[in-house]
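Descriptive structure summary
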Amino acid sequence: MAEAVTPRDEDYSQWYQDVVRNGQLAENSPARGCMIIKPNGMALWENMRDQLDQMFKDTGHENYYFPLFIPERYMEREAEHVEGFAKECAVVTHSRLTQDEEGNLIPDPESELGENYIVRPTSETIIWDTYSKWIQSYRDLPLLYNQWANVVRWEMRPRLFLRTAEFLWQEGHTAHATREEAVEEAERMLDVYATFAEEYMAMPVLQGRKTESERFPGAVDTYCIEAMMQDCKALQAGTSHFLGQNFAKAFDCTFKNEDNEEEYVWATSWGVSTRLVGGLVMTHSDDQGLVLPPKLAPHQVVIVPIYFDDEQRTEVLEVCERIQDELEDQGITVKLDADDTKQPGWKFSEYELRGVPVRLAIGPRDLENDNVEMARRDTTEKEIVPQEGIAQRVSDTLDDIQQSLYDQARERQEDNTHVVDDYDEFRQVIGRGGFAWAHWDGTPETEARIQEETSATIRLIPFDRDEHEEGEDMLTGEPSEGRVLFAQAY
């Protein structure tokens, strides 16, 4: 039996955990900082993965797979990269266990590997060592590859989906003959992420580049999409990195250009993770539980039959199955719940908690009137609709839910985004939650001071600075090239 959901305005953090738990998405693992993704959560992630995978392939990318273990010496070859990840790495030093004199399991001293292996925090190093063998000529370029994998980054303050020691993700790694091609690739993949977030997750995002302090270790530039959650904090929902030639130089990855001159390869990497599931929860769900956009919901429709004897059961199920077929012919994913061990009221509550966008209920009275009760999860509204034309009616309703969820999230973002010039006003905006466009003098010292005093970070520098006039830093009064986006973030 599901527990009650804590109201958002009472304890937002607990509300999030309640929604994840009651929505049957995930639970904590016995391994600290890790999570067990349950079937409903995995089905949601698979829908995200499958759509993104097709979008990657539509832009010319192919999938491959690299090992989970990375030789430690590879991590050492790109100085900024190893410095950025050193505190998060899990290290394998032995190949087996043995028992000590008291019968306790310990690493077998005789099985020490001699070379330590890093459990993959990201794959740039091992991939670029391999690319140096694959690439000889400009004819070998570009390489447009992606892998779906798990990674480990030791996390001290875990939260299901948002921050866990192990998580699922994809990481694209591409190689190019020119700087221009690599930058174009990094920007194109950021656009793919933004399109996916807005059209499938119904989650509006802002695009821009990160400051030097927020940049991916080893990157020349990091581009990002940022979304606003219901508590008005920011969530970094995807990143794309222009790596320049840093990794190519570290791993001596060169090619002969058309003039037979040797050059270093230009690189990108880009990724999103199961953090998107957490973003989806915090963008749309309510005090009743999970709310899912129809384009990603594991089941878009659930049909609950209602009957009181065997004769009614046969008649009701016959109609339910016919409607199920009509919906599936429209490409709608449907679950018909004919489990006799659960009462209809229990099922209604369960599927509400799981966020199924549309619920249809059909009983003996509905058969007499050729009707169906239809309930929307996003508004919890119910209406009686005719069975005739039900497939088109449901399809239209799903489209409306998808758009309505996006519109609500967009309105929230706009209502809680402010342009500020005064530091006191800035602190008020950040204190009550929201995005703030404000001038910044471009120095890491000012950036660090603002973060220390307000817990707000620079989420992005907009690509088009022309839209934000030059001015003065709200804190130091020093010249600013344009406004940047500040917010507290997950």
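Per-chain numbering applies: the sequence of each chain, read as written, is numbered from 1 onward. Per-residue local features of the predicted model are confined to residues with pLDDT of at least 70, and side-chain atom pairs are confined, for both listing and counting, to 80 or more; whole-chain, interface and lining totals are unaffected and use all residues. Computation of side-chain values covers all heavy atoms of the structure but excludes hydrogens and water.

Turning our attention to the environment of Asp11. Labels follow the DSSP assignment, with helices taken as runs of H or I lasting at least four residues and strands as runs of E lasting at least two, numbered in each case from the N terminus. Within the element layout of this structure, Asp11 appears in the segment before α1 (12–22). Definition of a polar contact: a pair of N or O atoms within 3.5 Å, with one able to donate and the other able to accept a hydrogen when the atoms are protein atoms, and with sequence-neighbouring residues admitted only if both atoms are side-chain atoms. In this structure the side chain of Asp11 is engaged in a polar contact, spanning 3.0 Å, whose partner is the backbone nitrogen of Gln14.

Right, let's get into the sheet that holds strand β20 (residues 371–376). Within a sheet, adjacent strands bond to each other through the backbone by hydrogen bonds, running parallel or antiparallel. Pairing between strands requires that DSSP locate at least two bridges from one strand to the other. Within the open sheet, the 5 strands sit side by side as β18-β17-β19-β20-β21. Their pairing is mixed. The open sheet has two edge strands with one neighbour each: β18 (334–336) and β21 (382–386). Neighbouring strand axes in the sheet, compared pairwise and without regard to direction, differ in orientation by 25 degrees on average. Residue contacts are defined here by distance: any two heavy atoms, one from each residue, within 4.5 Å place the two residues in contact. The axes used here are C-alpha line fits, helices contributing only the stretch in contact, and every angle between their N-to-C directions lies in the interval 0 to 180 degrees. Helix-sheet contacts for helix α12 (residues 390–415) involve β17 (301–305), β19 (358–362), β20 and β21, and the interaxial angle to β20 is about 10 degrees.

Before going further, it helps to spend a moment on the pairing of strand β9 (residues 143–152). One face of the sheet, then the other: side chains in a regular strand alternate in exactly this way. Across the 10 residues of β9, 10 count as buried, placing the element largely inside the fold. When accessible area is computed with a 1.4 Å probe and restricted to protein chains, residues below 20% of their type maximum are described as buried, those above 50% as exposed, and intermediate ones as partly exposed. A two-sided burial pattern is seen for β9, the buried positions comprising Leu143, Tyr145, Gln147, Ala149 and Val151 on one face and Leu144, Asn146, Trp148, Asn150 and Val152 on the other. Sheet topology note: the strand β3 (residues 62–63)/β9 ladder contains 2 bridges and is parallel. Counted as the bridge partner of Glu62 is Tyr145 from β9. Relative to strand β10 (residues 166–176), β9 runs antiparallel, the two sharing 10 bridges.

This part takes up the packing of helix α2 (residues 39–58) against helix α6 (residues 179–199). Running from amino to carboxyl end, α2 crosses α6 at an angle of 140 degrees, the nearest separation of the two axes being 11 Å. Every pair of crossing elements has a handedness; the one defined by α2 and α6 is right-handed. Contacts between α2 and α6 involve Met48, Gln51, Leu52, Met55 and Phe56 from the former and Met189, Val192, Tyr193, Thr195 and Phe196 from the latter. Of the residues in the contact of α2 with α6, the class split is 8 nonpolar, 2 polar and no charged. Working rule for handedness: look at the near helix, and if it is turned counterclockwise from the far one by less than a right angle, call the crossing left-handed; if clockwise, right-handed. All residues other than Ala, Val, Leu, Ile, Met, Phe, Trp, Tyr, Cys, Pro, Asp, Glu, Lys and Arg, Gly among them, are scored as polar; the first ten of these are nonpolar and the last four charged.

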